[in-house]
Amino acid sequence: MHDINLLGVNLQLLPEKAVFIKELNMLLVADIHLGKAETFQAAGIPIANAVNQATLHRLQTLCSTVQPQQLMILGDLFHSRLALVSEVLEPWNQFLRTSNVAVQLIVGNHDRPLVKASGNHSISCSTTPIQLGNIRFSHEPEPPTSSLNICGHVHPCVRLRTKLDDLRLPCFFHDRQLNQLTLPSFGDFTGGYEVRLTHHSTAYVIVENAVIPLSR
Amino acid sequence: MPKTSAPSVSDRPSLQPIVHWFKTQGWQPLPFQLETWNAYLSGKSGMIQVPTGAGKTYAAVMGAIADMLHTPSKGLQLLYITPLRALSRDIEQSILRPIQEMGWKLRVESRTGDTSSSRKTRQLKTMPDLLITTPESLALMLSYQDAKQRFESLRLVIIDEWHELLSSKRGTQTELCLSRLRELQPTVQTWAVSATLGNVQEAAQVAVGLNHEPVIIQSHLKRETIIKSILPASVDSFPWAGHLGLRLFETLVEALDINTSTLIFTNTRSQAERWYQALLFAMPDHGDRIALHHGSIDVKAREAIEAGLKAGQVKWVVCTSSLDLGVDFQPVEQVVQIGSAKNLARLLQRAGRSAHVPEGRSEVLFLPTNALELLEISAFRNGLKAGDIESRSPLQKPYDVLIQHLITLACGDGFKPDETLQTLRQTVSYSTLTNDEFAWILEFIESGGQCLGAYPRYKKVGLIDGSYQVTEPQIARMHRMGIGTIASHQAVRVVYTNRKEIGTVEETFVSRLKKGDVFFFAGRQLEFFMMKDMVAYVKGTTQKSTVTPSWGGGNLTISDSLSTHLRHEIETAQQDNALNRELNCIRPILTAQQRLSHLPATNELLIEVCQTREGQHLYVFPFAGRFVHEGLGFLWGYRFANQKKTTLAISVNDYGFEILAPKNYPFYDLFSDTFFELKSLYDDIKASMNISELTQRRFRSIAQVAGLVFKGYPSAKKTAGQLQVSSSLIYEVFSKYEPNNLLLKQAEREVIEHQLEFHRLANTLARLQSLKVVWRVTKRPSPLAFPLLVERLSSRLSNETLLDRIERMKQMWDDK
């Protein structure tokens, strides 16, 4: 765990790829991509559906440890239309029933066509960014304002390279110039996009059970 | 091998038209041509092995054409497979010549990736009598229904340039397609055409399949190959390392004549780009007579260059292996090889481009690009003298190629498992395919895998009336787009803003460009404008830049036979007498090596250690070729790390390898005789793979061939986005949820057998065991070590925790 304070907001960056905001009693995750395995299966690529269970299991464990009042999902909860099948939806609904948490979804680009199709998830969905005090939650990065933008979508990773070593690690990416904190993707079967460290950014890389800040 | 009856024309009245046409050309059929025709006409299959330009095309096709004239029939009768679609036009021309001149009623067409789709559709309905195609296009044809009718009249399949395909996955794919054709049309005959190979019998057997006895036809043409070198006045002009040595371009220009047609071969596309730039600079008045030719340049531009060369307008062509093959380049008078060709067979092939008459002398000018390559020149000469030509072996049952093939069949007429297994076992590659392996593969394509209930939505092939079939049109469409076994990085088309095509570069290169950046590609200065939908838009510019794209792809390694000669050269170079020009030239560098460190004799193994800002370096010089060095580097790396946990970076070249460790890593203290231990070799190599990314990297191309990742679809962008995934992610998921997946096993096997060359590794280790180890601590890298120090490609091995690694990197970061 790593505590930071951005624009007066205290944030706990968790190595489980989530952020906890104590003041709001809110847990944040982004880019879960449930049903990605099933989407691939339909195209003839055998990815085991156990990746959904592993992802959900991690979310469940995290919720019972942190005990947040609210779970804010910053988009891309489901991967595609083909993801909305019983093997995916049932465990998800089971999670909603058993975990005592209010779920708020900001609809992501992968979710957008699904909002209608998926119907009733007993969660509240928002297709636009949500402003809470000094924080603006969104799926895709927002243009800079005086508020802190916390978003997903990018799946940030940093590459660390010397002649001796070469590592690629998921990270929380904070850009001071843009007032923006991007979360790593939460889902098990999700890739990463390499972001470059600049003089006005910090990457909080996730290494085993630690979060380590890196800046230039 | 079985003897064929003595060639005689009168035996075969059907050959009369052929001999007649030869007469009109003022030609006499050569003995090997007659021999091939007779063997074909008596129902045999086999392989022709003759030098390039000796008349192999007519040897291969004329027997069948005689037969087709004698007993005419309808439909596709002759299938001609060539590895390069650029060659298909030339082959079509030379086959058409007698047909048109004699007015024979035979239709000849090509079918490759360049053929228009309307023509392809027409061909599927009505096949020509003779069809020229590539392995990939043949596989595609098998993915359409009614293959039985399409191929029922087939008499002969010719596989040209078989040595190029043989030991690659494309070769395996060809073998599989041939086995299917033999299943559809059991009397079809097969003839392969190959350049010089070390393992002729095996190559022929792979081509004809296991239930045929191949006839082998070799010409007795003697061809002499002479290697001359272009040397600078002083060795100071040579870089110790690197690939360019462009400083020598003036010496090269002096050695050549702009009126002599010349092929200038380089080993990589980026070298070709740079040499072309240098030659243009040296010959500003002859820009229109110098051209650049490599596989990433637009097809039309390449064809224009080939035509220009034939017509004599273009005189010098800087090229890569893109011009290794080819039918008739009559006008080529001079061949230049820049940098080591790395193996004798390739050098012979290239040298052969300059002597396209059956008997003749080929000569190649060799321009070394770094000092150590000087040693290779005389190693090459000695290798040629000894007749050490390398063998190329077929691959052992790669599962990915089989999976692709089976789905191809399922897209077409479908396949019955039992019959198909019988057919597969008639190929050399899959002759040892076990029932369990086959059952696993069937399960993999039918239900996703053996992990029970893991793939409820899986759809690919289904079993309908005892036959496996693809029923979803979308899946068949996606599969057809992915047919082929050439693993490539994502290619980006380079196009002028007015939409004129220039060629392709790798995405990783383009992703580093910013608007306004200038780079040199296809022989032009280009300014990057923007990237959209996998197309990089550029504008011409007069600004100069030396940035050239680089392309990934196999590193060449010196062959086993060459490395033996190389070690002798080092020994010879130390003697005062018997020096040739090249060894004389490199002498000052070897003296420096002796002064700064040590020059190893053949009974010594030199190991150097050296500390720099980057860490502790260990250099070892077995002179055994880069693949073996990679194997040794990983083996020793593991044996070090096993004693003291660490992270190591391993770099290799043909002379030795480097192991880089963190500062003060005690290499000397940890080293012992057990490093030469053969007993635990296999286990240690396996263990080293577990703490490195070798297997995962190897999996990349396997995932592509097996259809697990897609290179993208031109028409269905949305679907593509949802299916975008890196092979490393798939590798992780497979390793976690289905560790017994055969494709993972294949990746491991490929690393051990092909990348680390396990069989050569054991021999090398046994040889090293008998050597005297000479340790030297150097203040800075020696001449032998320097090329390894600047080598940018390295692989890693680590048994430390991520946290330790991050902490060290952070430290180095903070020190900067």
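Every value quoted in this text rests on a predicted model; they were computed, and no experiment measured them.

(A) Region of interest: the overall build of chain B. Each helix and strand counted, chain B has 32 helices and 26 strands in total. A globule of 816 residues ought to have a C-alpha radius of gyration of about 28 Å, and chain B, at 28 Å, matches this closely. C-alpha extents for chain B along the principal axes are approximately 80 × 70 × 60 Å. Out of the 816 residues belonging to chain B, those deemed buried represent 49%. For chain B, the proportion of contacts with a sequence separation of at least 24, taken over those separated by at least 6, is 75%.

(B) Representation of the overall build of chain A in the model. Scanning chain A for helices and strands turns up 4 helices and 16 strands. Its C-alpha atoms give chain A a radius of gyration of 17 Å, near enough to 17 Å, the size a compact globule of 216 residues would have. Structurally, chain A occupies a C-alpha span of about 45 × 45 × 30 Å along its principal axes. By residue count, 45% of the 216 residues in chain A fall in the buried class. Looking at chain A alone, contacts between residues at least 24 apart form 67% of all its contacts between residues at least 6 apart.

(C) Broad picture of the domain arrangement of chain B. Under the domain assignment, chain B is made up of domain 1 (13–218), domain 2 (223–386), domain 3 (491–540) and domain 4 (597–700 + 732–815). Centre-to-centre separation of domain 2 of chain B and domain 4 of chain B, based on C-alpha positions: 34 Å.

(D) Up close: the nonpolar core. The biggest cluster of nonpolar side chains holds 227 residues, and the ones touching the most others in it are Ile158(B), Ile264(B), Val317(B) and Val318(B). Once you skip the residues sitting within four places of it in the chain, Ile158(B) turns out to touch Ala60(B), Val61(B), Tyr80(B), Ile81(B), Trp191(B) and Val193(B). Grouped together as the second largest cluster of nonpolar side chains are 47 residues, Leu13(A), Val19(A), Ala30(A) and Cys151(A) included.

(E) Just the pairing of strand 1 (residues 46–49) of chain B, in detail. Residue and element names in this part refer to chain B. Residues Gly46 and Ile48 line one face of strand 1 and the alternating positions Met47 and Gln49 line the opposite face, and both faces are buried. The pairing of strand 1 with strand 7 (residues 215–218) spans 4 bridges and is parallel. Note on strand 7: the bridge partner recorded for Met47 is Ile216.

(F) Structural view of the interface of chain B and chain A. On the chain A side, the residues contacting the 37 residues of chain B number 32 residues. For the side of chain B that touches chain A, the elements supplying multiple residues, two or more each, are helix 19 (473–481), strand 23 (647–652), helix 28 (727–737) and helix 32 (802–815) of chain B. In terms of residue count, the dominant contributor to the side of chain B that touches chain A is helix 32 of chain B (7 residues). Split into classes, the residues belonging to the side of chain B that touches chain A amount to 21 nonpolar, 8 polar and 8 charged.

(G) Expanded view of unusual backbone geometry. Notably, Leu7(A) is not glycine yet its phi reads approximately 50°, a positive angle. Even without a glycine there, the phi angle at Asp465(B) is positive, about 50°. By the secondary structure assignment, Asp465(B) is in the loop between strand 14 (462–464) and strand 15 (467–469). You can call Asp465(B) exposed: it has 7 C-beta atoms within 10 Å.

(H) How the structure looks around the sheet that holds strand 3 (residues 18–21) of chain A. All names here are of chain A. Here we have 7 strands laid out as an open sheet, ordered 1-2-3-4-5-6-7, and mixed in their pairing. Strand pairing shows two members of the sheet lacking a second neighbour, strand 1 (2–6) and strand 7 (124–126), which therefore form its edges. Across the sheet, the mean angle separating the axes of adjacent strands is 25° when strand polarity is ignored. As judged from the 3 bridges shared by strand 3 and strand 4 (residues 26–29), these two strands associate in the antiparallel manner. In the sheet register, Val19 faces strand 4, and the bridge partner there is Leu28. Sitting on the sheet, helix 2 (residues 50–66) touches strand 3, strand 4 and strand 5 (70–73), and the angle it makes with strand 4 is about 155°.

(I) Representation of helix 30 (residues 758–769) of chain B. Residues and elements named next belong to chain B. The end-to-end C-alpha distance of helix 30 is 16 Å, a good match for the 16 Å that 12 residues give at a rise of 1.5 Å each. Taken as a whole, helix 30 has its buried residues at Leu761, Thr764 and Leu765. Mapping the buried residues of helix 30 onto a view down its axis gives an arc of 100°, with all of them on the same face. In helix 30, those exposed residues whose orientation departs by more than 90 degrees from the buried face are His759 and Ala766. Residues of helix 30 that are buried in the fold lie against helix 23 (626–641) and helix 25 (681–690).

(J) Layout of the pairing of strand 16 (residues 210–215) of chain A. Pairing geometry for strand 15 (residues 201–207) of chain A and strand 16 of chain A, over 6 bridges, is antiparallel. What sits directly across from Val205(A), in strand 16 of chain A, is Ile212(A).

(K) Region of the structure containing helix 15 (residues 373–386) of chain B. Its 14 residues give helix 15 of chain B an end-to-end C-alpha distance of 20 Å, which sits within 8% of 20 Å, the value for a rise of 1.5 Å per residue. Within helix 15 of chain B, burial applies to Glu373(B), Leu374(B), Leu375(B), Glu376(B), Ile377(B), Ser378(B), Ala379(B), Phe380(B) and Gly383(B).

(L) Spatial organisation of the packing of helix 26 (residues 694–705) of chain B against helix 28 of chain B. Residue and element names in this part refer to chain B. Between helix 26 and helix 28, whose axes approach to 9 Å, the crossing angle comes to 105°. Considering their axes alone, helix 26 and helix 28 lie roughly perpendicular with respect to each other. Contacts between helix 26 and helix 28 involve Gln696, Phe699, Arg700 and Ala703 from the former and Ser727, Ser728, Ile730 and Tyr731 from the latter. Here the residues of the contact of helix 26 with helix 28 sort into 4 nonpolar, 3 polar and 1 charged.

(M) Main features of the confidence of the model for chain B. Averaged over all residues, the pLDDT of chain B equals 86, while 90% of them reach at least 70. This stretch, residues 713–719 of chain B, has a pLDDT under 50; its non-local contacts, to residues over four places away or in other chains, come to 4 contacts.

(N) Quick peek at the sheet that holds strand 21 (residues 604–612) of chain B. Residues and elements named next belong to chain B. The mixed open sheet is built from 6 strands, whose spatial order is 25-21-22-24-23-26. Of all strands in the sheet, those bounded by a partner on one side alone are strand 25 (772–777) and strand 26 (795–798). Each strand of the sheet is rotated relative to its neighbour by a mean of 20°, with strand direction disregarded. Pairing of strand 23 with strand 26 involves 4 bridges; the strand directions are antiparallel. Across the sheet, residue Thr647 finds its bridge partner in strand 26, namely Ser798.

(O) Representation of the packing of helix 26 of chain B against helix 29 (residues 742–755) of chain B in the model. Residue and element names in this part refer to chain B. The N-to-C vectors of helix 26 and helix 29 enclose an angle of 110°; their axes lie 8 Å apart at closest approach. Overall, the two elements helix 26 and helix 29 adopt an arrangement that is roughly perpendicular. For the pair formed by helix 26 and helix 29, the contact residues are Leu694, Thr695, Arg698, Phe699 and Ile702 on the first element and Leu743, Gln746, Ala747, Glu748, Glu750, Val751 and Gln755 on the second. Looking at the contact of helix 26 with helix 29 residue by residue, the classes come out as 6 nonpolar, 3 polar and 3 charged.

(P) Seen up close, the environment of Ile305(B). Residue and element names in this part refer to chain B. Secondary-structure assignment places Ile305 in helix 13 (residues 299–311). Spatially, the C-alpha atom of Ile305 lies 55 Å from that of Asn664, the residues being 359 residues apart in sequence. When neighbours within four sequence positions are excluded, Ile305 is seen to be in contact with Ala291, His293, Val314 and Val317.

(Q) Broad picture of the environment of Val200(B). Residues and elements named next belong to chain B. Assignment of secondary structure puts Val200 in helix 10 (residues 200–208). Judged by local crowding, Val200 falls into the partly exposed class, with 19 C-beta atoms found within 10 Å. Sequence separation between Val200 and His163 is 37 residues; the distance between their C-alpha atoms is 9.6 Å. Not counting the four nearest positions on each side in its chain, Val200 is found in contact with Gln49 and Ile216.

Basis of the calculations
Residues numbered from 1 in each chain as written. Chains lettered and ligands numbered in written order. Predicted model: local features only at pLDDT ≥ 70, side-chain atom pairs only at ≥ 80, totals over all residues. Helix = DSSP H or I, 4+ residues; strand = E, 2+ residues; numbered from the N terminus. Rg over C-alpha atoms; globule rule 2.2 N^0.38 Å. Buried ≥ 20, exposed ≤ 12 C-beta atoms within 10 Å, placed from the backbone. Contact = placed C-beta atoms within 7 Å. Domains from an automatic or database assignment. Core = buried A, V, L, I, M, F, W, Y, C linked by C-beta atoms within 7 Å. Pairing = 2+ DSSP bridges. Nonpolar A, V, L, I, M, F, W, Y, C, P; charged D, E, K, R; others polar. Axes fitted to C-alpha atoms, helices over the stretch in contact; angles between N-to-C directions. Expected span 1.5 Å × (residues − 1). Arc of directions from axis to C-beta. Parallel < 35°, antiparallel > 145°, perpendicular 65-115°, else oblique. pLDDT = per-residue confidence, 0-100.

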